[in-house]
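An overview of the molecular structure
Here is how the chains run, residue by residue.
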Amino acid sequence: MQRQSIPSRSFWIIIVAGFVTGMGNGSVFGAALMCWMGRGGFEDWGGIGSGSYIPTTFNGFMSFWMLAFGFVFTIMLALALKRHDTIEI
């Protein structure tokens, strides 16, 4: 019986944990940025429907950073587990 790698055994854990952690950190970053910047540079709030994901709106700017942080944390977790798997062998 052949041993599966750690990243292949924990594929969904990497995606869920990476996005949840990253988006949580991204929301804190976005909230701090919004407190610092204010709404002055944004013409539209963008909180209804797909407007929440357009980066040029107030809410979309924060949603963009949440998704970006989630994606980056997912990649970081996958790379860390891949590196851990090579050390385990």
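Figured I'd write up the structure that's included with this text. (Residues numbered from 1 in each chain as written. Predicted model: local features only at pLDDT ≥ 70, side-chain atom pairs only at ≥ 80, totals over all residues. Heavy atoms only, no water.)

This part is about the packing of aromatic side chains. As enumerated under the stated definition, the model contains 8 aromatic pairs in all. For the ring pair Phe-61 and Trp-65, a centre distance of 6.3 Å and an interplane angle of 80° mean the geometry is edge-to-face. Taken together, the positions of Phe-61 and Trp-65, both in helix 3 (residues 58-88) and 4 residues apart, correspond to about one turn of that helix. Among the residues examined, Trp-65 registers a relative accessible area of 27% and is labelled partly exposed. Between Trp-65 and Phe-69 the ring centres are 6.3 Å apart and the planes differ by 75°, which places this aromatic pair in the edge-to-face class. Residue Trp-65 and its partner Phe-69 are both found in helix 3; the two are separated by 4 residues, about one turn of the helix. (Phe/Tyr/Trp six-rings, centres within 6.5 Å; stacked < 30°, edge-to-face > 60°. Helix = DSSP H or I, 4+ residues; strand = E, 2+ residues; numbered from the N terminus. Buried < 20%, exposed > 50% of the residue type's maximum accessible area, 1.4 Å probe, protein only.)

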